Amino acid sequence: MNAIVKFPVQPEIRSIAQWEISMVWHRIAEMLLPVMEREEVDNTLDDVQAFLKAGHMQAWHVEWKTVFVTMIQPFGADPQKPTRKVLNIVYCAGTDLDKWMPYAEKHFSEFAKAMGCSKLRI
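The rules we used
Residues numbered from 1 in each chain as written. Predicted model: local features only at pLDDT ≥ 70, side-chain atom pairs only at ≥ 80, totals over all residues. Heavy atoms only, no water. Core = buried A, V, L, I, M, F, W, Y, C linked by side-chain atoms within 4.5 Å. Buried < 20%, exposed > 50% of the residue type's maximum accessible area, 1.4 Å probe, protein only. Helix = DSSP H or I, 4+ residues; strand = E, 2+ residues; numbered from the N terminus. Contact = heavy atoms within 4.5 Å. Phe/Tyr/Trp six-rings, centres within 6.5 Å; stacked < 30°, edge-to-face > 60°.

Participant: Got a sec to walk through the nonpolar core? Specific residues and values, please.
Facilitator: Ranked by internal contacts, the top residues of the largest apolar core, which has 20 residues, are W25, I28, L32, V48, L52 and Y91. Looking at this core, the elements with two or more residues in it are α1 (21-36), α2 (45-54), β3 (66-75) and β4 (84-94). Tallying contributions element by element places α1 first for this core, with 9 residues. Apart from residues lying up to four places away in sequence, I28 is in contact with I16, I21, A59, W64 and V67. Within the second largest apolar cluster, 12 residues are counted, among which are W60, V62, F68 and L87.

If you want it as structure tokens, here you go:
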């Protein structure tokens, strides 16, 4: 007897380069808009776009169905020589978040380590 077993395909979480932000901003903004309209969010879409273009935040997507915005936050008296760094997932929006989140957590944990961060906050 033959059986077909389907394994879940790990999604590719792709980074969006700083120089690409202007070209794909409409896609990012469309997904982030519902999140940014929430009362507890302090940034505007314009703020996020400026932070991404300046390299203060990073943008990622999964098949252009979900978008993540991350920020590396330094801690300590001297931001140039932080005593500790934390990777924050500041915003995530789009569809299938429950489906992507386990993969995203693993991906961003690895990214945090590579960037010298001691912790990942979601």
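Further notes follow.
Participant: So what's going on with the packing of aromatic side chains? Residues and values would help.
Facilitator: Inspection of the entire model under this criterion finds 3 aromatic pairs. Pairing W60 with F111 gives two aromatic rings, centres 4.9 Å apart and planes at 75°, and the pair type is edge-to-face. Pair noted here: W60 is in strand β2 (residues 58-62) and F111 is in helix α3 (residues 97-114), with a separation of 51 residues, a long-range link. Residues W60 and F111 agree in their burial class; the two are buried. Ring centres of F68 and F108 lie 5.3 Å apart, and the angle between their planes is 65°; this geometry places the pair in the edge-to-face category. Linking F68 in strand β3 with F108 in helix α3, this pair joins segments that are 40 residues apart in sequence. Like F108, F68 is buried.

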